[in-house]
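The chain contents come next:
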Amino acid sequence: MTAASIITLTAVLVIVLGVSFITRPRHSSTVDFYLAGQRVGVVTNSWAICGDYLSAASFLGVAAAVYVSGLDGAWYAVGFAAGFVPVLLLVAAPLRRFGEFSLADFLGRRLGSDAVRLSAVGIVQLVILFYLIPQSVGGGITWELLVGHGVMGLSPYATGVLLSTAVIAVVVAFGGMRGTTWNQAVQFLLLLTALVWLALVVTGDGFRYGQAVEQLSQEPLSNPAEGAQGWELQPETNHIDDGEAAVFGEPGARYGQLGQVALVVTLGLGTAGLPHVMNRYFTAPTGRAARTTTVWVLMLIGAFYALAVMLGTAARDIIPAAVADHPWLEPLTIDGVLRIPEHALPVLGRIYGGESGLGLVAAAALIAAMSTVAGLLLASAATWGHDVYERHINPHATQRQAVWAGRLTTLVAAATAAALAIALRPDAFTPAMPSLVATMVTWAFAVAGSALTPVIVLAIWWRRLSARGAVAGMLTGGALAVVMFTAGSLLEPAWWRELLVAPTLVAAPVAGVVAVVVSLRTTPPDDVEQAWRIMHGTAADRQAERLARLTIAARRAERHDAAGRRRTRLPRPGRRRNDAR
């Protein structure tokens, strides 16, 4: 292990554990543990949401997808960024106004049904598992590159998976939402710093995005694949123009026209159903703050993904020529092309910054994985600890018991994800997938966008939605999504396979139609009008809310002025002693 590796790992641990200790919750209430007391400001929350959302799939996976697939890999960036548009327009403010602990709790209370709540818990746990595994994979990949050694007989990859997951599980279990919020905010800033540094150094070395794309498109796109003679470069086929070779700067290297649309829709609709992201909106003080937070998030992640796409292209352009000057690249590449595309950014960091550059990028990758794992584990704790344990297993539980139930489920979820991540090494999947990390995250988006998003949008904007309709919609969308992307992963490439691997384009409308049809044949909850007023209100309600806020602010100002006047009237201690004499 090099000095840079030791410094990197020490810095990550100090940041994560230090922030968690400083911001640990002072009270053992569920509101403090799960929602940070609902006092998180707009800027802090926007940074934390970015830290939560911009995972290893974003930092390592998007650049890897661009590296291996060219323009088709950029669709991941488009879909991930576009996901907050429906959140801004349809979900953020009403969801916060209704105010619960989790998505499952929101749906259960809105529709007055425990069956809805428990069905949502099952879907949420499936989404969390699909999302947790690739984050743990990202931690293992980073440790393997940075350290290269395992402990206690484990491989470097397995060691990285276990250590990164274990550290963040302990942090979440004892830091709660408050510690996780500040960790994610700080981690996002560090993540963005690493990307900006990489962008500056490659640009300073003469890299120009437009010229690089044009140059890379002069020859067919080829990637390493394991054949009868071992690893060798194999050309990618064009999925739009049959018989033509795929090139870096044109669509078709990974998806046909239908597949591109299906991927963007799957990623775009999935965001509104991601439990670890949407739960953060419950920490905002008001609905207006939740909407403003989303605007900030859109700007920040837009800049982030633009940099990720640029750096994936830079890696494809720069690494082949760097192999001759950097012998350590030879075992990582086949004829100048990386065998594992997720190595693209760490390799760029080492080329331009040596061990220190690798350390910076590796720290950012570890932070990206750990930050998202923190949000996922906290979402898992909220669904099991609050929605299941506190609501059904032990309704008379004290606040302390409910918090400890959430902490225990955090550790169980982390252990499950780590075990599955160790079983799924990324180099075994690279020939079939543009990026294992990005592909598995797509599965999470598919289930969230197919099962949860249609029902959440209907619950917010359609009075007639019933509990049975919501359950039918969620189960239909979730089951259809899982069946489709499982079948798509097993079948040979074809135009209709592209629709199967990104199933939300089909599964979400089907889930919505099923929810509507069943709801029209059943009875909606009795308190729907009250719920509607809470989520949306009327113009008069919003005016009254504004007047109430102004009144409260004016009274606070009066109390502050009155306290100031009292302090000025009090005699100084020294003057009082002189008067006594």
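This report concerns the structure included in the present document.

Calculation criteria
Residues numbered from 1 in each chain as written. Predicted model: local features only at pLDDT ≥ 70, side-chain atom pairs only at ≥ 80, totals over all residues. Heavy atoms only, no water. Axes fitted to C-alpha atoms, helices over the stretch in contact; angles between N-to-C directions. Helix = DSSP H or I, 4+ residues; strand = E, 2+ residues; numbered from the N terminus. Parallel < 35°, antiparallel > 145°, perpendicular 65-115°, else oblique. Contact = heavy atoms within 4.5 Å. Nonpolar A, V, L, I, M, F, W, Y, C, P; charged D, E, K, R; others polar. Phe/Tyr/Trp six-rings, centres within 6.5 Å; stacked < 30°, edge-to-face > 60°. Buried < 20%, exposed > 50% of the residue type's maximum accessible area, 1.4 Å probe, protein only. Lys NZ or Arg CZ within 6 Å of the ring centre and 35° of its normal.

For the pair helix α7 (residues 103-111) and helix α20 (residues 528-535), the least separation of the axes is 9 Å and the interaxial angle reads 135°. Considering the angle they form, α7 stands oblique to α20. For the pair α7 and α20, the contacting residues are Phe106, Arg109 and Arg110 in the first and Val528, Ala531, Ile534 and Met535 in the second. Across the contact of α7 with α20, the residue classes tally to 5 nonpolar, no polar and 2 charged.

So, about the packing of aromatic side chains. Overall, the coordinates contain 12 aromatic pairs when judged by the stated rule. Taking the centre distance of 5.6 Å and the plane angle of 80° together, the rings of Phe130 and Phe485 count as edge-to-face. Here Phe485 lies in helix α17 (residues 467-490) and Phe130 lies in helix α8 (residues 114-146), a separation of 355 residues in the sequence. In terms of burial, Phe130 and Phe485 fall into one category: buried. On the numbers, 6.0 Å between centres and 40° between planes, the contact of Tyr131 with Phe445 is tilted. Taken together, the residues Tyr131 in helix α8 and Phe445 in helix α16 (residues 436-461) connect sequence positions 314 residues apart. You can call Phe445 buried: its relative accessible area is 0%. Joined through ring pairs, the aromatic side chains of Tyr53, Tyr76, Phe80, Phe84, Tyr131, Phe304, Tyr305 and Phe445 make up one cluster. Of note, Arg109 hangs over the ring of Phe98, and the distance from its end group to the ring centre comes to 4.5 Å. Stacked on the ring of Tyr67, the Lys or Arg Arg316 has its end atom at 5.2 Å from the ring centre.

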